[in-house]
Amino acid sequence: MARAVEHGVEVGWDELVDVLRAEGVGDVPIGVWMTAEERSRVTGADASKDGVEESEGQPVSALTHALRGLGDLNAWLAGGGASEDVASLRTMVEGLAGLDAALSAARLRAMLAAREAGLPDADGAVSLQAWATSTMALSTATATREVRLAEGLADRPDVVDLLQSGSISHDHAAGIVAAAERQQADQEAAARARAAAEDEERERRRRADQLAQAEAESMAERTRLAREAAERERKLAQERAERAAAEAAEKEAARRARQDALLESATSGASPDQLKRKAAQLRTRDADALERAVTAQRSRRSVRTWTDRTTGQRVLRIDLVDDDYEMLTAGLQACSTMDPPGTPDAERRTPEQRRYDAFVDLVGAGLKAGELPTTRGVRPHVTVTVPVDTLTGDADHPGVCVSGVTLSPETVRRLACDARLTRAVLSPTGMPLDIGRATRVWTAAQHRAAELLFGGCAFPSADGQPCGRPMAWTDLHHVTWWRHGGRTDRANGVPLCRHHHTAVHHDGWRLSFDVSTGTVTIKHGRGGTAVSRTTVFPRDNPRGGPLIDGEDDPPAGPGDGRLPI
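Now for a description of the structure that goes with this document.

Scoring rules and cut-offs
Residues numbered from 1 in each chain as written. Predicted model: local features only at pLDDT ≥ 70, side-chain atom pairs only at ≥ 80, totals over all residues. Heavy atoms only, no water. Patch = residues over 30% accessible without salt bridge, like charges linked within 9 Å, V, L, I, M, F, W, Y side chains within 5 Å. Areas by Shrake-Rupley, 256 points an atom, 1.4 Å probe, with all protein chains shown as cover. Salt bridge = Lys/Arg side-chain N within 4 Å of Asp/Glu carboxyl O. Helix = DSSP H or I, 4+ residues; strand = E, 2+ residues; numbered from the N terminus. Buried < 20%, exposed > 50% of the residue type's maximum accessible area, 1.4 Å probe, protein only. Phe/Tyr/Trp six-rings, centres within 6.5 Å; stacked < 30°, edge-to-face > 60°. Axes fitted to C-alpha atoms, helices over the stretch in contact; angles between N-to-C directions. Parallel < 35°, antiparallel > 145°, perpendicular 65-115°, else oblique. Left-handed = near helix turned anticlockwise from the far one by under 90°. Contact = heavy atoms within 4.5 Å. Nonpolar A, V, L, I, M, F, W, Y, C, P; charged D, E, K, R; others polar. Pairing = 2+ DSSP bridges.

This brings us to a nonpolar patch on the surface. A grouping of L63, L67, L70, L96 and L99 is seen on the molecular surface, where their side chains present a nonpolar patch of about 440 Å² in accessible area. Top contributing element to the nonpolar patch by residue count: helix α3 (residues 59-78), with 3 residues. Among the residues examined, L70 registers a relative accessible area of 36% and is labelled partly exposed.

Moving on, we get to the packing of aromatic side chains. For the coordinates displayed, the defined rule picks out 3 aromatic pairs. Note on F454 and F537: the rings are 4.9 Å apart at their centroids and 65° apart in plane angle, and the pair reads as edge-to-face. Of this pair, F454 sits in helix α17 (residues 444-454) while F537 sits in the segment after β14 (529-536); the two residues are 83 residues apart in sequence, bridging distant segments of the chain. No difference in accessibility class separates F454 from F537, as the two residues are buried. Pairing F459 with W509 gives two aromatic rings, centres 5.6 Å apart and planes at 85°, and the pair type is edge-to-face. Taken as a pair, F459 in the loop between α17 and β10 (474-478) and W509 in the loop between α18 (498-506) and β12 (510-514) lie far apart in primary sequence, 50 residues in all.

Once that is clear, we can look at the packing of helix α10 (residues 219-267) against helix α11 (residues 272-284). Here α10 crosses α11 at 150°, and the two axes come no closer than 10 Å. Viewed along their axes, α10 and α11 adopt a mutual orientation that is roughly antiparallel. Relative to α11, α10 is oriented so that their crossing is right-handed. Along its contact with α10, which presents R258, A261, L262, S265 and A266, the element α11 presents L275, K278, A279, L282 and R283. Here the residues of the contact of α10 with α11 are counted per class, giving 6 nonpolar, 1 polar and 3 charged.

On to the sheet that holds strand β5 (residues 406-407), then. Spatial ordering of the open sheet is given by β3-β4-β5, a layout of 3 strands whose pairing is antiparallel. For this open sheet the edge positions go to β3 (384-385) and β5, each flanked by a neighbour on one side alone. Bridge analysis of β3 against strand β4 (residues 399-401) gives 2 bridges, and the strand direction is antiparallel. Paired with V384 across the two strands is C401, which belongs to β4.

Another aspect to go through is the pattern of salt bridges. Note on pairing: side chains with opposite charge can pair once their charged atoms come close. Scanning the model with the defined rule gives 30 salt bridges in all. Between D319 and R317 there is a salt bridge, with its nearest N and O atoms 3.1 Å apart. Judged by its relative accessible area of 22%, D319 is partly exposed. Between R448 and E451 there is a salt bridge, and its shortest N-O distance comes to 3.4 Å. Of the two residues, R448 and E451 both sit in helix α17, 3 residues apart, roughly one turn of that helix. Overall, the relative accessible area of 45% leaves R448 in the partly exposed class. The exposure class of E451 is partly exposed, given its relative accessible area of 36%.

Here's what the structure looks like:
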């Protein structure tokens, strides 16, 4: 173990270097570890000159002082002093924001200075980004963003000065550069569209000139037409070059004007998010740019699916056009429901899970509507192949979808609660011998009767009311499971939404239905605590339910006017 060097103990520089190396510090310039007095004693130089601080103009010493100051701040925070001096803590937090901005400015300037000095090439890096990744210990993505930011502000030292002073933050500066990049992309897209139109017009003129020359009656006439065409092209090229120069100056002025407008908002107290919205508002004033953006979005629209290598879960990514996004958002909002008040934390869904359930319900509603195109006369559906002994509970063989996805036995049983079943007889080698007709487990009349009685998902929530998600988003669940001999009749069917149907099949909830009283009961033993909830139908029907002779409240007990089950 290396020997610690105590303060006040004189050691040789070689011995100090050995200790520092043993401590893992490495080769550090001696000046970093020396005070001004020590350096003057060793080098013979004055500690200060004309009252100017010694560290001024000395980057290594300035960095040392900054690190020492940050070390003091960290020691104060770690020592618990912050909790005893709230005023100082508030001041320090506000000051740290300024330090972060100043550090960002220094890092951006350092990157540009390193490029000018040729440090990436000297260190064998293939690019400034690669050099920043290794030297500054940044991720590739962060280094790329920082280099783009530095290059984007290379001609705006005033913005970097405001960043250094803390008048704007790093995110403000990044927002200004991002807006400039989008504006430049819009300008380049407009230039490409205009150039394509000009090239098309020039090609049209060239073909017309060639046709005129071919139809000329004499060589002299052809020569004259060729000279006129060449002169016309020369003038057009000159006009095009002059127009391009003028447009470049106009673009630069427009870019700086937009940057100045955003900079004014930032220095006036706008947050980075408000600055982003301001940039979007400025962009909407260019109708042509918006139309080009829509065209670009449509060219990038896509749906991609893949399997996560870690979890094995299927992942779906959708790149949407703006108006399609609004349409999908409207559908998700219509299908999305909040968990009832008082729902235990263990049952409460995250926002991402609620959006997932809404998305699946939206797709399911589209499939059930029956308006989608058919394939070989068959409506779109999910096909799962599974041995019959899995459905009867005699075995736990998985199911296989058409896409090759494997489903757990319990998932297959849940799907089979409300599905068409097709009998397929296979030979020992797997050859199909007989394919029977598809039969519906629940009839349309049974679905309609369940809708009138329950009105939606009947799963009792923590607040004593049923979930109530619409019938179109539910499946009829066999209360006594089919594999346990449960019958497919209205006395054994309770509608459950996908979320709660999954909970019954996979999460240990036990559901029962007393047909004589219309009572649905769920039970669960969680962590040694028994949970039991009930709802009564049609009393708790979220959509009213069937009544007799216009009664305001349904009577309790059998024969109370409910539809026969």
